[in-house]
Amino acid sequence: MLFRSNMKFPNPSLLRETKIGFTVSELLEYIKKYEGLAFIEVEHFNTYFGYLPVRDKKLLFPIGTFSGWYNFNELRFALEEKAIIIKKVFKCFFSLGMRSPFEYYIDFLYKQKSEAKNDIDRLTTKLLLNNLYGKFGQRKKFQKIYFRFPPFQQIAELSRQGEFFEIQTFGNDREDLFLIKLNKKLEYSYTAIPSYASYITSEARITLLKYLLLKSKDFNVLYCDTDSIFYEGKIPEKIPISNKIGEFKTENKKITGIYAPKNYTVNGKRKIKGVPKYAKLIGYDKLGSEIWEFQRYVKTHSGLRKIKNRKTGENYIDIKIIKNNYDKRIVLKDGSTKPIRLSI
């Protein structure tokens, strides 16, 4: 699916908090007139698909009673579909809606990508499009600090505590360097506007859910990922198929097995997130989990934070255990699924 965020956003410079004692009735009126987000308690009715996400170690779309922060756009959709009722309001931020600041950027780059005459230009514009909105929700995972002379005391303390750090020098003839360490505060980067990233994410979920709800005897939904739907049967006419932004495109892929999120067999080959194509299945553990082996090398400090005692560019053998455990929904005896029920 190619997604174009031409909906309205909350204006980050005008967002303000509602008064203490803000009621459910008042929130329902604000959802109609404004854009924003609210921390609420909801009762989600017994629907086949969950409409609102809950993060409990993993991301779920449950039914039942639960609480969380939700954007007005996803609350509007869930209320219109009569999937939820709002029981309590704890906090709320709102503003008048504003047009998407990304329309021209997306339209311009997508045209450039479509008209690219070589692979380099096509890849460049694709990366610029793919890496757009995530930057607005990016947190600073690392601190990069410049020192005129080596900070031996800090380095010794980081080593003593077993914390990640990396030293970047400018050559053997210079004493100054960069010290890279984890940012414990996990602050948002100065370019971040989380409301942009969050609103695009929830709008994409709404778009997917609208088409998942077309499930019928002729269109059986098997699996849904970030921007795709796996199905069997005939595509309903209501699902737009083209290469235009905001519409789906079909791919000639035959799915013969779905084992867990981002873990399936496509065109006879396993595709597992975090496991490269060249990995080898070398066996199973006592619990029946798959053991995959592959060679990799440390590319950047983002890899080093997970791998101790490794140098940039070093090759090593990695092992990944794949449990093939689908735990996003309840799996019934006949292989069908239903949403997990939560209660407060």
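Please read all numbers here as calculations on a predicted model, not as lab measurements.

On to the side chain of lysine 181. Secondary-structure assignment places lysine 181 in strand β11 (residues 177–182). Those residues in contact with lysine 181, other than ones at most four positions away along the chain, are Lys141, Phe142, Gln143, Ile145, Gln154, Leu158, Phe164 and Phe165.

Core analysis: the biggest nonpolar cluster contains 47 residues, and Leu27, Ile40 and Phe72 have the highest contact counts within it. Residue assignment for this core shows that the elements contributing at least two residues are α1 (24–33), β3 (35–44), β6 (63–71), α2 (72–80), β7 (84–95), α3 (103–114), α6 (194–212) and β12 (219–225). The dominant element in this core, judged by the number of residues it contributes, is α6, at 9 residues. Excluding anything up to four places from it in sequence, leucine 27 contacts Phe22, Ala38, Ile40, Phe72, Ile86, Val89 and Cys92. Grouped together as the second largest cluster of nonpolar side chains are 6 residues, Val275, Trp292, Phe294 and Ile322 included.

Attention now moves to the packing of α2 against α6. Geometry of a packed helix pair, given as the angle between the helix axes and the separation of the axes. The geometry of α2 relative to α6 is characterised by a closest axis approach of 8 Å and an angle of 25° between their N-to-C directions. In terms of orientation, α2 and α6 fall into the roughly parallel class. When α2 is examined against α6, the residues Phe72, Asn73, Glu74 and Phe77 are found in contact with a partner set consisting of Tyr199, Ser202, Glu203, Arg205, Ile206, Leu209 and Lys210.

Take the packing of aromatic side chains next. Each aromatic ring pair is described using two quantities: the centre-to-centre distance and the angle formed by the ring planes. This structure, assessed with the given rule, holds 25 aromatic pairs. Both rings, one in phenylalanine 102 and one in tyrosine 196, keep their centres 5.5 Å apart while their planes meet at 80°; by these two values the pair is edge-to-face. With phenylalanine 102 in the loop between β8 (97–98) and α3 and tyrosine 196 in helix α6, this pair connects stretches of sequence that are 94 residues apart. A residue is classified by how much of its surface remains accessible, and phenylalanine 102, at 4% relative accessible area, is buried.

Right, let's get into unusual backbone geometry. Although it is not a glycine, lysine 82 adopts a positive phi angle of roughly 60°. With respect to the helices and strands, the residue lysine 82 is situated in the loop between α2 and β7. At asparagine 267, a residue that is not glycine, the phi angle is positive and equals roughly 50°. Along the chain, asparagine 267 turns up in the loop between β15 (263–266) and β16 (269–272).

In this section: the sheet that holds β15. With antiparallel pairing, 3 strands are arranged side by side in an open sheet as β14-β15-β16. Each of the sheet's edge strands pairs with one partner strand only, and the pair in question is β14 (255–260) and β16. If you compare each strand with its neighbour and ignore which way they point, the axes differ by 20° on average. Where β14 lies against β15, 4 bridges are found, and the strand directions are antiparallel. Paired with alanine 260 across the two strands is asparagine 263, which belongs to β15.

So, about the pattern of salt bridges. Should the charged atoms of two oppositely charged side chains come close, the side chains can pair. Applying the stated rule across the entire model yields 14 salt bridges. Its salt-bridge partner being lysine 88, residue glutamate 41 comes within 3.9 Å of it at the nearest N-O pair. Linking glutamate 41 in strand β3 with lysine 88 in strand β7, this pair joins segments that are 47 residues apart in sequence. Residue aspartate 327 pairs with lysine 58 through a salt bridge whose shortest N-O separation is 3.8 Å. Here aspartate 327 is found in the loop between β19 (315–322) and β20 (330–331), whereas its partner lysine 58 is found in strand β5 (residues 58–60), with 269 residues between them in sequence. In this structure aspartate 327 comes out as partly exposed when scored by relative accessible area, which is 30%. Judged by relative accessible area, lysine 58 falls into the partly exposed class, the value being 28%.

Okay, the sheet that holds strand β17 (residues 280–284) next. Think of a sheet as strands paired side by side through backbone hydrogen bonds, with each pair either parallel or antiparallel. The 3 strands lie next to each other as β17-β18-β19, forming an open sheet whose pairing is antiparallel. The open sheet terminates on both sides in strands that have one partner only, identified here as β17 and β19. Adjacent strand axes in the sheet meet at a mean angle of 30° when their direction is disregarded. Looking at chain direction, strand β18 (residues 290–297) and β19 are connected through 8 bridges and run antiparallel. Note that in β19 the partner of glutamate 290 across the bridge is isoleucine 322.

Its 12 residues give helix α4 (residues 119–130) an end-to-end C-alpha distance of 16 Å, which sits within 8% of 16 Å, the value for a rise of 1.5 Å per residue. With a side-chain oxygen positioned 3.2 Å from the backbone nitrogen of isoleucine 120, the residue opening α4 is asparagine 118.

Thresholds, definitions, all that
- Residues numbered from 1 in each chain as written.
- Predicted model: local features only at pLDDT ≥ 70, side-chain atom pairs only at ≥ 80, totals over all residues.
- Heavy atoms only, no water.
- Helix = DSSP H or I, 4+ residues; strand = E, 2+ residues; numbered from the N terminus.
- Contact = heavy atoms within 4.5 Å.
- Core = buried A, V, L, I, M, F, W, Y, C linked by side-chain atoms within 4.5 Å.
- Buried < 20%, exposed > 50% of the residue type's maximum accessible area, 1.4 Å probe, protein only.
- Axes fitted to C-alpha atoms, helices over the stretch in contact; angles between N-to-C directions.
- Parallel < 35°, antiparallel > 145°, perpendicular 65-115°, else oblique.
- Phe/Tyr/Trp six-rings, centres within 6.5 Å; stacked < 30°, edge-to-face > 60°.
- Pairing = 2+ DSSP bridges.
- Salt bridge = Lys/Arg side-chain N within 4 Å of Asp/Glu carboxyl O.
- Expected span 1.5 Å × (residues − 1).
- Polar contact = N/O pair within 3.5 Å; in protein donor to acceptor, adjacent residues only side chain to side chain.

These figures come from the coordinates and say nothing about function on their own.
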